[in-house]
Each structure stands twice: as structure tokens, then as C-alpha cells.
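Residue-level listing of the chains:
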Number of protein chains: 2
Amino acid sequence: MPNISSKAIQMPQSPIRKLVPFAEQAYAQGKTVFHLNIGQPDIKTPEQAIAAVRVADLTVIEYSHSAGFPIYREKLAAYYRKNNINIANEDIIVTTGGSEALIFGFMSTCDPGDEIIIPEPFYANYNGFAVMAGLTVVPVTATIDDGFALPPIEEIEKKISSKTKAIVICNPGNPTGYLYSKEELERLRDIVKENDLYLFADEVYREFCYDGAVPYSVMNLEGVENNVIMIDSVSKRYSMCGARIGALISRNKEVMSAALKFAQARLSPPTIAQFASQGALDTPQSYFDEVVEEYVERRNIMVEGLNQIPGVFCPMPKGAFYCVAKFPVDSTEKFCQWLLEEFDYEGATVMMAPASGFYATPGKGVQEARIAYVLNKESLIKAIKCLEEALKVYPGRITE
Amino acid sequence: MPNISSKAIQMPQSPIRKLVPFAEQAYAQGKTVFHLNIGQPDIKTPEQAIAAVRVADLTVIEYSHSAGFPIYREKLAAYYRKNNINIANEDIIVTTGGSEALIFGFMSTCDPGDEIIIPEPFYANYNGFAVMAGLTVVPVTATIDDGFALPPIEEIEKKISSKTKAIVICNPGNPTGYLYSKEELERLRDIVKENDLYLFADEVYREFCYDGAVPYSVMNLEGVENNVIMIDSVSKRYSMCGARIGALISRNKEVMSAALKFAQARLSPPTIAQFASQGALDTPQSYFDEVVEEYVERRNIMVEGLNQIPGVFCPMPKGAFYCVAKFPVDSTEKFCQWLLEEFDYEGATVMMAPASGFYATPGKGVQEARIAYVLNKESLIKAIKCLEEALKVYPGRITE
């Protein structure tokens, strides 16, 4: 039997996957499980997206252009302009989710053995895309104490080697919910300019900014037009994760022409989902206003609720729909497993994502967990109650 | 400005892309262009697929399981059983087109620097997937004189080195339309078994076999259950290329568990298109009977028509909807460009894919072109007439 590849061995497993068997066991025991572990919102997909699929001409479900339907790219460019991001149609390649945009972006710019610097904690699947492209992730640690702000520039500069090819950020961030300020992004601009690096920014949570905060896109950083690559996706914006429509966006013509060759090899992004995504662009502002209002309420319930539990600390995020909280426990990996395996409060328990999987530095985030506040408020309140009760009896509880 | 990657530079351009500007010029001149260059059939997508999309619950377009919706995999396994391919649900990972199945397959089994042997001419995008995985394609040349049958075993064995990890075939074949016999496949089985290699078989044209020929799947080769990886797709079967739903299929549990990690990193294959693909599995046999009858007529018109043109030779393929023909010209790259740029017959011309792009050996296939008979019969007859007239006046015509 031939061997599997070394990449296959290196490919990490998501921090949540390990818990899945324990969740299944909890279901089998008849427990209610509050899923705070996933980024699949319960928000309805806009009716404009669904209507576009219902009326689409599907007589022959044909390939689109490898960069996406021209008319969709045109409408997408208009959407960005409305968001003060001034880009042309040809700066956009429509991809199969943000995932494919990252894979094409990494493969177009970085050679195997190159290093990419990512502030940790970061979206765990970046590890997988790095393995696929043969890259080494070099983390620079952000801390919960200052709400996961951008680490000091000196810390980032220390990580730059002759192999460094890019810095990768997610803004607003998964898993932290942290929204980088214009000043923080300008500091990154200075670093990438000085060191001739690419700056990848995953901006898929753009619409989810709270308390009047306005997201600042890397596309608006001046003087680094050829360094900046933006990753986008309809998944979260329109609560249509299953569509698998994303975009790779850059003004660097050489990068775009390279990425197009990767796009051509796989022929076309999904076409029915492009119809849905095009329709989604007609979603009225009122939809987002309602969604944001809902998420703000959920966030407030969640974060305030967490901070009221003795020993728990959770900074207040300004974006996305995640937060990372610190628990008074030996290890959130153990705690999260125990919650599913051993615990229930009135027949219910909670599933969270242990944060260690979002750090590349071993030993970091051991007491932290990511919480996605994608459930309705009533469920969130019950979930917090579960956590509070659980921490009273968890055997690995640490008291300071 | 940072450099693009060496992979980006290595990524080949499809042999057709170079002709696109000349096709656009031909349109601008008001010419009718008969597109014999593409694999996008004009056949209607089965109504069962479209109906499934129309009625699907799209309230929240959610992720599916990373390996695809369980119910779709179950129905897919039943489809294979009906086709005498006995596989279990867990032997299937649903992918974003056959393209992603190949990428996951290569990345799960081969290390950068490894070699894969492919009989040439072969589907040009295999080159792109090989570049993405860092693999070297080692061609073994099939010839038009025997209709592109499997090259002699000795020729294949000569190509095996310590770096060889897999043999890749497409059966029935794009671009040749050649259908490997059971005996040819058993010869491949013996080689992969003896040398401990993987055998990838792209079987997406399974339904398109003619003259009573029955395709033999690599999944039915005995004694190589852990070596064989099948690639499949709904694109051609149901004329729904834009769905982007494929499958990676193997009984090798280690490979499947590796491939699942790659699948998990990109979260989910497209869900709306999975609904369409699931619906498509209810397509009645009469649909395929009609399609096959149509393709047989088209093939006969095309191949017989080509062979009646003085100096042209085209073997009669038994499958898919392509053929490779040899033309009495200096170079089909030049000829195909000239057809678009300089020629018309009664206001019409023809676009074909020069075959050199389907060979990895430099200098091979210079006089050959791939023809996709995906147009209606009337257009095919006109296209043949165009070619006949063109060869009378083409300046690079070679007379033997």
C-alpha cells in the first residue's frame, strides 16, 4: 500500500473536530447542546438571493468565466465602491469561497518554504491553506488582556526573516472579533512597504461592526497597492455559507494574472451560487441594520454574561460574531470535552471551540475558548447559565 | 513590489486561451465561429436537477458536511452500485468539481518533487493541478495511429523511477475519446501493484460510451483496492458543468481520511449545487439514451466528415465527446489561429484546440487538434465544410 503524503500528515485537524464524537455522545444521552462552537449563523439568507436562484435560467447549467460572471463582478465592484473601496472589475476574481481565494493567493505569491506572519489567535484553517501551499506560519501573539489588539510593531518586525513573504490578518477578526483601527493598519502598511511583503486581509466580516465602528479596508492603504490582497466572501455577509462564493481582490496586476491561471485550471466558480450572490447584492440596508442590531444584543448578552461569571474574562469585541473568553480552568480542551461528556444543567450543555487550536505557539490559549454568538438570545442566556453552573463543579477549576 | 511565486510562473495556460483574442477579433468582424474547442455541451440539464433547486429549502444556505450532504452521498453510492461499482458512502468525498477531487487526491498522496505518469495527450489542466501540488508530470506517449490506445507496458515501465508515485488516466478520455478495455486496465493494475503506486482514474465521461461499449471502472480492479482513486463529476454526465460538484472516491481509508482534512479546511462543497446533483440522480435512463444517440450521430458526422477531407485522419473514438484529428498542416497552433484571424467560408469559421497543449513532450501533436462535437448536427456539417475549404487555401498546408 503506497504512503500518504507528508502534507496529508501535516494537515491540522480543526480544534472543533476532536469534540464532535463527544457532542454526538451528548445527543445520544438526550442532552440539549448549545452550539457556541460554529460560525454558521442562524440568520436568514436575504430573500433577494433566494429569489435570484428561483428565477435563474438553469436550462443548461454552464461554466461561468473562470474569474466569475462579468455581470456579477461588475455588481460586486459597485458594492465595494458603495463601501468606499474603489476597485475595478478586473481587480476581482470570483472564487469558491474565501478559502479558495486564500489558496490561490498563497500559491500565486509564495514559494514552498516561505514564511507568512499571522497575529495569533487566528482562523485555524489558515494553517491548512499554508500546508497546501507549503508555507510556514510564523505567529506573533496578541493577548486577551488588551482585547487582542495588533501586537507591537517591534514584535512583528522581530519575526521577519529572509523567508517572510506575507503578513495575513483577518479584520474584523475570527476568532477574536477584534477590529483593527486605521492606525494599526497603517502600521502594517509601513512594515509591508519597508520589507516588500504582501499583506493579505480577510475582510469577510466587514458588515459586522458595532458601536458605530467603521471598518477600514486594506484596499484603502496608500502606497501599498501592489502589496495588498483582500479576501472576501458572501458566506457571513448574507448568511449563505453553503454558497461557496468568495473573491480574491488586488490591484497588483501580476498577482491577478497569476491567480487567474489557477482559476482557469479549475474552470469556473459555482454558477448557481453566483446567481444567488448577484441577487444578494440587492439586499436592502434594512436587512443589515436588523442583523447588526441582533448581533449587538447577542454580543452584549454573551460578553456581559460571561464577565459576570466569577473568574471568567471576555473582552468586548467590536466586530464579527465571535469572542474569545478566558476561563478559570486547567485547560479548555479538557473543559469543553467535559462539558459534553460529563455535564448538564437541566438537560442542557454547551459546546465551545478551545482556543489552543487558534494559536500556532504551543501552550498559548490553554485557558481560552472561542464563542460564536450565532444563537438566539434565549439560547445564549441558557448557555451562559450552563457555563456558570459548570464552572462551579468542574474538577479542573482553578481558583486564583 | 514583491515577486509572484515560482508556481505562478510554472502554471501553464490552457491551449485554448491563447486563441481567445483571435476568436474575439473574429466576432468583431461579424464571423460566425463554430466552437469545436470547448467541453461545454449544449445538452439540456435534466429537469430533475433544476426542479430540485427550485423546491430546495434555501431559508438559510448553510454549509454541508465537508464530505458532502450524507443523503447525497448515499444516493450517489446507489448510483455507483447501479453502475456495478460497489462502494460505500464513506468511500466518497463530495468535491467542488472533479478539479478539486484531483487537487485533494494529489495533495493527499504525493509529495512535492514526486512524479506522476500520464499517457499523453491528456487533459491539459492535469498540468495545473500537478503544479499546485508540486509534482512533475512524466508523459508516456500514445499515438493517433492506433487510436490512442494505452502505450505498451514496457513504455510505461521505462518511465517509473524512485520518485514515481502515481499513474493518472482519464477513461473514456479527454481529449482522445479513447475507451480503455478491461485488459488495458488490468495491465495498469499489474504495474501499480508491482510498483506500489496509486492509480488515479478520471471517469467523468462514464455515461458517454458508444457502439455498445461498456466502460470498466478502476474501482473493479481486484487486488489494488488501496491503490485506486476514482475522480468523478456531475459536469458532463448531466450537462451541468457550472454546478461544480465532483467526487473523490477510494476504498483506501488512509487516503480518504487525509483527503477529508483538506476538505475540512475549505469547509463545504457548494450546497445549492448539491441539491441539483442529488435531484439529477433521478434522471431517467431515457435522458441518457437520447443524449448518447445524439452524440453517436454527431460523432459519426464529425469523424466521417473529417476523414473525407483529403489529408485529414481521425480515429473513431468509443467514448466522451471529443476526438483528436491530424491535419495536413505545418502546425495546428498556426492553423487554428489562421482560421480565426484570416479565414472564413460564407461568413463562418471554426475554433479548435491545438493538440500540442495536451502533450507534455515538446514537439508532439503539432499537426493534431482536439475537436469537441458538442454542437448540433447542422453546425457540425457546416464546420466540416469550413475546415475542408480552409485546407484548400491555408498557406501552411503540407502535401505529402
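What counts, and where the lines are drawn
- Residues numbered from 1 in each chain as written.
- Chains lettered and ligands numbered in written order.
- Predicted model: local features only at pLDDT ≥ 70, side-chain atom pairs only at ≥ 80, totals over all residues.
- Heavy atoms only, no water.
- Contact = heavy atoms within 4.5 Å.
- Buried area = accessible area lost by both parts, 1.4 Å probe.
- Salt bridge = Lys/Arg side-chain N within 4 Å of Asp/Glu carboxyl O.
- Helix = DSSP H or I, 4+ residues; strand = E, 2+ residues; numbered from the N terminus.
- Pairing = 2+ DSSP bridges.
- Axes fitted to C-alpha atoms, helices over the stretch in contact; angles between N-to-C directions.
- Phe/Tyr/Trp six-rings, centres within 6.5 Å; stacked < 30°, edge-to-face > 60°.
- Buried < 20%, exposed > 50% of the residue type's maximum accessible area, 1.4 Å probe, protein only.

Caption draft 1: Just the interface of chain B and chain A, in detail. Opposite the 77 residues of chain B that make contact, chain A presents 76 residues. For the pairing of chain B and chain A, the buried interface totals around 6300 Å² over both sides, and the portion due to carbon and sulfur atoms is 58%. Sorting the residues of chain B by area buried against chain A places B:Met1, B:Pro2 and B:Arg54 first, and these three jointly supply 11% of that buried surface. The tally of links from chain B across to chain A stands at 0 salt bridges.

Caption draft 2: Region of the structure containing the side chain of A:Ser235. Tracing the sequence through the fold places A:Ser235 in the loop between strand S7 (228-233) and strand S8 (246-250). A:Ser235 has contacts with A:Met240, A:Cys241, A:Arg244 and A:Ile245, leaving out every residue within four places of it along the chain.

Caption draft 3: Examining the sheet that holds strand S4 (residues 136-141) of chain B more closely. All names here are of chain B. With mixed pairing, 7 strands are arranged side by side in an open sheet as S2-S8-S7-S6-S5-S3-S4. Looking along the sheet, the strands with just one partner apiece sit at the ends: strand S2 (92-95) and S4. Strand-to-strand twist of the sheet, defined as the mean angle between neighbouring strand axes without regard to direction, takes the value 25 degrees. Judged from the 4 bridges that link them, S2 and strand S8 (residues 246-250) form a sheet pairing that is antiparallel. Residue pairing for S8: isoleucine 93 is matched across the bridge by leucine 248. Each of strand S3 (115-120), S4, strand S5 (164-170) and strand S6 (198-202) touches helix H6 (residues 125-133); the most contacted strand, S5, lies at about 155 degrees to it. Sheet strands touched by helix H9 (residues 253-265): S2, S6, strand S7 (228-233) and S8. Its angle to S2, the strand with the most contacts, is close to 25 degrees.

Caption draft 4: Spatial organisation of the packing of aromatic side chains. All names here are of chain A. As enumerated under the stated definition, the model contains 42 aromatic pairs over all chains in all. Between phenylalanine 208 and tyrosine 295, the aromatic rings sit 5.5 Å apart at their centres with planes inclined by 85 degrees, giving edge-to-face as the arrangement. Of the two residues, phenylalanine 208 is situated in the loop between strand S6 (198-202) and S7 and tyrosine 295 in helix H11 (residues 285-308); the sequence distance between them amounts to 87 residues. Of the two residues, phenylalanine 208 and tyrosine 295, both sit in the buried class. Between tyrosine 238 and phenylalanine 288, the ring centres sit 5.9 Å apart and the planes meet at 55 degrees, which makes this aromatic pair tilted. Residue tyrosine 238 is found in the loop between S7 and S8, and its partner phenylalanine 288 is found in helix H11; the two are separated by 50 residues along the sequence. Under the relative-accessibility criterion, tyrosine 238 is labelled buried at 2%. Ring-pair connections join several aromatic residues into one group, and the members of that group are Tyr205, Phe208, Tyr295, Phe321, Tyr322 and Tyr373.

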